[in-house]
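What follows is the residue order along each chain.
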Amino acid sequence: MNKAMILNPTRPIWPGFSSSKSLCVNANCMEQLLLHCANAIETNDATLAQQMIWVLNNLASSDGDSTQRLASSLLRALISRAATKSPAFAFLSAASAASSISHDEKLHRFSVMELAAFVDLTPWHRFGFIAANAAILDAVKGYSSVHVVDLSLTHCMQIPTLIDSIATKLIINKEQRPPLLKLTVVLAESPPPPLLGVSYEELGLKLVSFATTRNVAMEFRIIYSSYSDGLSSLIEQLRLDPLVSNEALVVNCHMMLHYIPHETLSSSRSFFLKELRDLNPTMVTLIEEDADFTSSNFISRLRSLFNYMWIPYDTADTFLTCGSEQRQWYEADIGWRIDNVVAKEGAERVERLEPRSRWFERMREAEFTGVKFGEAVGREVKTMLEEHAGGWGMKRDVDENDDVERFVLTWKGHSVVFASAWVVPMNRVDGCSYMEA
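The rules behind these values
- Residues numbered from 1 in each chain as written.
- Predicted model: local features only at pLDDT ≥ 70, side-chain atom pairs only at ≥ 80, totals over all residues.
- Heavy atoms only, no water.
- Helix = DSSP H or I, 4+ residues; strand = E, 2+ residues; numbered from the N terminus.
- Buried < 20%, exposed > 50% of the residue type's maximum accessible area, 1.4 Å probe, protein only.
- Contact = heavy atoms within 4.5 Å.
- Areas by Shrake-Rupley, 256 points an atom, 1.4 Å probe, with all protein chains shown as cover.
- Axes fitted to C-alpha atoms, helices over the stretch in contact; angles between N-to-C directions.
- Left-handed = near helix turned anticlockwise from the far one by under 90°.
- Nonpolar A, V, L, I, M, F, W, Y, C, P; charged D, E, K, R; others polar.
- Salt bridge = Lys/Arg side-chain N within 4 Å of Asp/Glu carboxyl O.
- Core = buried A, V, L, I, M, F, W, Y, C linked by side-chain atoms within 4.5 Å.
- Pairing = 2+ DSSP bridges.
- Parallel < 35°, antiparallel > 145°, perpendicular 65-115°, else oblique.
- Expected span 1.5 Å × (residues − 1).
- Polar contact = N/O pair within 3.5 Å; in protein donor to acceptor, adjacent residues only side chain to side chain.
- Bend = angle between axes of the 7 residues up to and from the residue.
- pLDDT = per-residue confidence, 0-100.
- Phe/Tyr/Trp six-rings, centres within 6.5 Å; stacked < 30°, edge-to-face > 60°.
- Lys NZ or Arg CZ within 6 Å of the ring centre and 35° of its normal.

### Examining the overall build of the protein chain
If you tally the helices and strands in the protein chain, you get 15 helices and 11 strands. The buried share among the 437 residues of the protein chain stands at 57%. Of the contacts formed within the protein chain by residues at least 6 apart in sequence, a portion of 76% connects residues at least 24 apart. Of the roughly 18600 Å² that the protein chain leaves accessible, carbon and sulfur atoms contribute 50%.

### Digging into the packing of helix α7 (residues 123-139) against helix α8 (residues 159-169)
At a minimum axis separation of 10 Å, α7 and α8 run at an interaxial angle of 35°. When you trace α7 past α8, the crossing you get is right-handed. Of the residues in α8, those touching α7 at Asn 133, Ile 136 and Leu 137 are Thr 161, Leu 162, Ser 165, Ile 166 and Lys 169. Here the contact of α7 with α8 is composed, by residue class, of 4 nonpolar, 3 polar and 1 charged.

### Some remarks on the pattern of salt bridges
Within the structure shown, the criterion is met by 28 salt bridges. The shortest N-O distance in the salt bridge between Arg 126 and Asp 120 comes to 3.9 Å. In this structure, Arg 356 and Asp 290 form a salt bridge, with 2.1 Å as the shortest nitrogen-oxygen distance. Within this pair, whereas Arg 356 is found in helix α14 (residues 356-365), its partner Asp 290 is found in the loop between β7 (283-289) and α12 (298-319), the two being separated by 66 residues in sequence.

### Structural notes on the nonpolar core
The biggest cluster of nonpolar side chains holds 138 residues, and the ones touching the most others in it are Leu 151 and Ile 338. Take this core: its biggest share by element is 11 residues, from α7. With near-sequence residues (within four places) excluded, Leu 151 lies in contact with Val 186, Tyr 227, Leu 231, Leu 234, Val 251, Asn 252, Cys 253, His 254, Met 256, Leu 257 and Phe 272.

### Concerning the pairing of strand β2 (residues 145-152)
Looking down a regular strand, the side chains alternate between one sheet face and the other. Counting buried residues along β2, 8 of its 8 residues qualify, which places the element largely inside the surrounding structure. The alternating pattern of β2 places Ser 145, His 147, Val 149 and Leu 151 on one face and Val 146, Val 148, Asp 150 and Ser 152 on the opposite face, and all of these are buried. As defined by bridge partners, β2 adjoins strand β6 (residues 247-254) across 8 bridges and the pair is classed as parallel. Of the residues in β6, the one forming a bridge with Asp 150 is Asn 252.

### Remarks on the environment of Gly 390
Relative to the helices and strands, Gly 390 is located in the loop between α15 (375-385) and β9 (392-398). Owing to a relative accessible area of 79%, Gly 390 belongs among the exposed residues under this scheme.

### Quick word on the packing of helix α2 (residues 27-42) against helix α4 (residues 66-85)
The description of two helices packed together rests on the angle between their axes and the distance between the axes. Closest axis-to-axis distance for the α2/α4 pair is 10 Å, and the angle between their directions is 0°. One element, α2, and the other, α4, form an angle in the roughly parallel class. Facing Ala 27, Met 30, Leu 34, Cys 37, Ala 38, Ile 41 and Glu 42 of α2, the residues of α4 in contact are Thr 67, Gln 68, Ala 71, Leu 74, Leu 75, Leu 78, Arg 81, Ala 82 and Lys 85.

### Structural notes on α2
Relative to the 22 Å expected for 16 residues at 1.5 Å per residue, α2 spans 22 Å between its end C-alpha atoms, a close match to the ideal helical length. Listed in full, the buried residues belonging to α2 are Cys 29, Met 30, Glu 31, Leu 33, Leu 34, Leu 35, Cys 37, Ala 38, Ala 40 and Ile 41. Packed against the buried residues of α2 are α3 (46-59), α4 and α12. Capping the start of α2, Asn 26 holds a side-chain oxygen 3.2 Å from the backbone nitrogen of Asn 28, two or three residues further along.

### Digging into α12
Taking 1.5 Å per residue, 22 residues should reach 32 Å; α12 reaches 32 Å between its end C-alpha atoms and fits that length. By the largest-angle criterion, Asn 307 marks the main kink of α12, which is about 25°. Where α12 begins, the side chain of Asn 297 points an oxygen toward the backbone nitrogen of Ile 299, at a separation of 3.1 Å.

### Concerning unusual backbone geometry
The step from Pro 193 to Pro 194 runs through a cis peptide bond, and the omega angle for that step is 5°. Along the chain, the position of Pro 194 falls in the loop between β3 (180-187) and β4 (195-196). Residue Asn 44 is not a glycine yet carries a positive backbone phi of 60°. In this fold, Asn 44 is placed in the loop between α2 and α3. The exposure class assigned to Asn 44 is partly exposed, which follows from its relative accessible area of 39%. Located in the positive-phi region is Glu 367, a residue other than glycine, with phi close to 70°. By the element assignment, Glu 367 lies in the loop between α14 and β8 (369-371).

### Quick notes on the environment of Asn 297
Its place among the elements puts Asn 297 in the loop between β7 and α12. At 3.1 Å, the side chain of Asn 297 forms a polar contact with the backbone nitrogen of Ile 299.

### Brief notes about the confidence of the model for the protein chain
Predicted confidence across the protein chain gives a mean pLDDT of 88, with 86% of residues reaching 70 or more. Here residues 1-22 scores under 50 on pLDDT; set against residues more than four positions off or in separate chains, the count is 41 contacts. In the predicted structure, residues 428-437 sits below a pLDDT of 50 and forms 31 contacts with residues beyond four places in sequence or in another chain.

### Comments concerning the side chain of Arg 269
With respect to the helices and strands, Arg 269 occurs in helix α11 (residues 268-278). Among residues more than four places away in sequence, those in contact with Arg 269 are Leu 257, His 258, Tyr 259, Ile 260, Pro 261, His 262, Arg 352, Glu 354, Trp 359 and Arg 362.

### Section: the packing of aromatic side chains
With the rule as written, the count across this model stands at 11 aromatic pairs. Considering the side-chain rings of Trp 124 and Tyr 308, the 6.2 Å spacing of their centres and the 75° angle between planes classify their relative orientation as edge-to-face. Of this pair, Trp 124 sits in helix α7 while Tyr 308 sits in helix α12; the two residues are 184 residues apart in sequence, bridging distant segments of the chain. Trp 124 gets classed as buried once you look at its relative accessible area, which sits at 7%. For Tyr 308, a relative accessible area of 3% corresponds to the buried category. Joined through ring pairs, the aromatic side chains of Phe 110, Phe 118, Phe 319, Trp 329 and Tyr 330 make up one cluster. The lysine or arginine in question, Arg 406, covers the ring of Phe 360, its NZ or CZ lying 4.3 Å from the ring centre.

Right, dumping it as structure tokens:
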């Protein structure tokens, strides 16, 4: 950023301070500075916003500690928001345009092998993979065909482990073949990062080839559908699918349902879940990040964002070398999300996370019943966490509206991702128990 464009340096930058270096750089202080800056932007106070941006630009750093990197990303997003908000912030247009170009250029398109290795670096996704796969395996025992609808942020990176488990854990004797696996995936316009650098057709060929090596017969199908309209074409296609004797229908929702519009409990998000319920699935797994980015009040939303997105920056210091290519990819993806929450509004603002309590409310509204995870799953998750940095943990959470235990991934005691499994009440699952909400 050109500081001369942002602030006349002869003016006092902050009451009581002779320079930005006088300010503390701890997380609480940085949060307050960012909130003051955001409030100045929202009230069209260009003078104060100009001063705050200058201060933050001197404190934040894209290659500093985790708090500085978070602040740097949030500052770029605030500049983008201000530049499009009012003519009073016209002086920020050049900086905003440069930031926007930077976001687009930095998003990496992964090969399948790169993405698989990338996902394995942290428990962020592996936690949900383990919990969901265990619930799915319990639910589909005894079925000759398993139809999995995979709504996943990670482009089917969970599926190879599921295939391997189907091949090894669902076989009673040597003469028995594993069930047929049908995999349906959704291809949507403008997907969020991480981006895949190969077509879904190529991805499907690789998955079918892997399944063949594990003696699992597999079919792969792509459905074009949009999260913005509640995946209506997916639901319609699933309704049209012919009924197959002894086939389980599993819907695996891994960090993608929050891209469906949310506004109220009667929104597209709830409507989708009720339509899903009408399909009578054998199992629905719901894995989401445990945060709330839905507030219509921008300052409140920014505070929630700061108090959640410090986690991916903090964890990055434990498994990615400063300046490494993988760290650049990782933090570019985080930056895209931050920019979406801060700088975008209306239909463009798609990063609308909800906390687990609200998701559970939606699931019960749609007449799903929770399924608890078994002790073996908990042990498997804990074993996986031991492979990573010491700050990771898992807590067992019982929702106040039912008596079903869920798993929550934590970082330094803070909730990160929750894992849950759900059934239609008529569908009792062998090996799992459920209770009415």
